[in-house]
Amino acid sequence: ICSDKTGTLTQNQMTVTELYAGDFLYTVSGVGYAPEGAITPRGGGPDAVHNWALMELLQAGILCNDSVVKQTEGTYRVDGDPTEGALITCAAKEGLDGKTVNQEMPRIDTLPFESARQYMATLHDPGSGKSRIVYVKGSIESLCLECSALYAATGEVDLADARNIHGRVEGMANDGLRILAFARKEVPAETTHIEHKDLLEGLTFLGLQGMIDPPRPEAAEAIGVCQKAGIMVKMITGDHAGTAAAISRQLGLCSEACSIHTREVLTGGDLSQMGDDALVDMAERTAVFARVSPEQKLRLVESLQKKDYVVAMTGDGVNDAPALKQANIGVAMGINGTDVSKEAADMVLTDDNFSTIKAAVEEGR
């Protein structure tokens, strides 16, 4: 069984717990989507309001965002993506109101998130003839390749130290946090449209938001039952390798020693350098695959089938359809899945929960 991580093995209830901006770390208290909690500096850093880079990071989380947090009968819920809801809630803990910020910085154009590019970008107008601003959020790999500079706490621009940034990312990932990186770029006031080529240079790094997405309590038990029944379970995710390894350790998918730098965890970059024969062996032995593209999901299915395994593969996006069709049992997500993925699948999980796959196997046997 090749399973996605977010929402299937984890609860998909995001809460930002750690921030990095202006070369300072911050802890965020509170859980869920209610704006209750505080942002506290770690190690003697400035308060959030006195760290320009951090305030800009929080604002970017609101603006480069397609979701809304709503309150109904005293309960806060996300209309949209849970990850984006967590960003809005985090900013609210420092007094930033999503509706107000969007009114002050209206959106002019958008580059939607694509799994192949791993980022989203939005263009905003601050008004009164000022330069317009592009905010970008996505994986650290997609942003750090283009960022040559970063913002200090004072708002001044320094040369980016990619090694230091990647070190912070790895530290967060090893704690099991899901990490989003943010950057911005100023463009001429008359700009009305942005393209991917506009982001190939001139981005300035803002910071990182790390959020926790706890494993489903029932998932670890279900994985254990599958393993005892002779079924191999593999995690395939678009998340950072360190995050995937940390969650896998909690779920019993890999040993306590597995981490980003061990062969128990392979990335999409590793897979792209492997020939088909090598991948057949590694696909069988490896339990965790991170930063994997939909096209690589298809390669993994084919590799496992060459070893005569009956393969179940989960998916929710349009691009997952080929892998779902190739798998012996394609499993689509009923809550977060697209219509295309559901049509391509043999089975739909109405609750998006891994333990339901285990129950279906059990019932079948």
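It should be noted that the structure appears before, not after, this text.
A brief look at the structure comes next. (Residues numbered from 1 in each chain as written. Predicted model: local features only at pLDDT ≥ 70, side-chain atom pairs only at ≥ 80, totals over all residues. Heavy atoms only, no water.)

**Things to note about the overall build of the chain**
Okay, step 1: Check the secondary structure of the chain and you find 13 helices and 19 strands.
Okay, step 2: Scaling as 2.2 N^0.38, a compact globule of 365 residues should have a C-alpha radius of gyration of about 21 Å, and the chain matches this with 21 Å.
Okay, step 3: Along the first, second and third principal axes, the C-alpha set of the chain runs to 65 × 50 × 40 Å.
Okay, step 4: A total of 365 residues make up the chain; the buried ones form 53% of that total.
Okay, step 5: When contacts within the chain are restricted to residue pairs at least 6 apart in sequence, those whose partners lie at least 24 apart make up 61%. (Helix = DSSP H or I, 4+ residues; strand = E, 2+ residues; numbered from the N terminus. Rg over C-alpha atoms; globule rule 2.2 N^0.38 Å. Buried < 20%, exposed > 50% of the residue type's maximum accessible area, 1.4 Å probe, protein only. Contact = heavy atoms within 4.5 Å.)

**Description of the pairing of strand β12 (residues 177–187)**
Okay, step 1: With nine of its eleven residues buried, β12 lies for the most part within the structure.
Okay, step 2: Sheet analysis places strand β9 (residues 132–138) next to β12, joined by seven bridges and oriented antiparallel. Note that in β12 the partner of Lys137 across the bridge is Phe182.
Okay, step 3: Sheet analysis places β12 next to strand β13 (residues 203–212), joined by eight bridges and oriented antiparallel. Residue pairing for β13: Leu180 is matched across the bridge by Gln209. (Pairing = 2+ DSSP bridges.)

**Some words on the pairing of strand β17 (residues 312–315)**
Okay, step 1: Along β17, one buried face is formed by Ala312 and Thr314 and the opposite face, lined by Met313 and Gly315, is buried too.
Okay, step 2: Two elements, β17 and strand β18 (residues 329–333), share four bridges in a ladder whose sense is parallel. The residue of β18 that forms the bridge with Ala312 is Ile329.
Okay, step 3: For the segment spanning β17, helix α11 (residues 321–326) and β18, crossover handedness is right-handed. (Right-handed = clockwise from strand over helix to strand, strands pointing away.)

**As for the layout of surface pockets**
Okay, step 1: Considered as a void within the structure, the largest pocket measures approximately 1400 Å³ in volume.
Okay, step 2: Around the largest pocket, the lining comprises 41 residues; the ones closest to its centre are Asp81, Phe113, Ser115, Arg178 and Asp316.
Okay, step 3: Taken together, the elements giving at least two residues each to the lining of the largest pocket come down to α2 (82–92), β7 (107–114), β9, β12 and α10 (294–306).
Okay, step 4: When the residues that make up the lining of the largest pocket are grouped by side-chain class, the tally is twelve nonpolar, 17 polar and twelve charged. (1 Å grid on protein atoms, 1.4 Å probe; cavity = no way out; pocket = protein on both sides within 12 Å on 5 of 7 lines; lining within 4 Å. Points joined across faces, edges and corners; volume = space filled by probe spheres on them. Nonpolar A, V, L, I, M, F, W, Y, C, P; charged D, E, K, R; others polar.)

**A look at the pattern of salt bridges**
Okay, step 1: The tally for this structure, following the rule as stated, stands at 19 salt bridges.
Okay, step 2: The partner of Asp125 in a salt bridge is Arg132, with the nearest N and O atoms 3.4 Å apart. Note on accessibility: Asp125 and Arg132 belong to one class, buried.
Okay, step 3: The salt bridge partner of Arg291 is Glu141, with a shortest N-O separation of 2.9 Å. Pair noted here: Arg291 is in the loop between β16 (288–290) and α10 and Glu141 is in helix α4 (residues 140–144), with a separation of 150 residues, a long-range link. (Salt bridge = Lys/Arg side-chain N within 4 Å of Asp/Glu carboxyl O.)

**A word on the environment of Ala38**
Okay, step 1: Secondary-structure assignment places Ala38 in the loop between β3 (24–28) and β4 (39–41).
Okay, step 2: Between the C-alpha atoms of Ala38 and Thr27, which are eleven residues apart in sequence, the distance is 8.1 Å.

**Comments concerning the environment of Gly95**
Okay, step 1: Tracing the backbone shows Gly95 in the loop between α2 and α3 (98–104).
Okay, step 2: When its relative accessible area of 63% is taken as the criterion, Gly95 is described as exposed.
Okay, step 3: Gly95 sits 39 residues away from Val134 along the chain, and the two C-alpha atoms are 23 Å apart.

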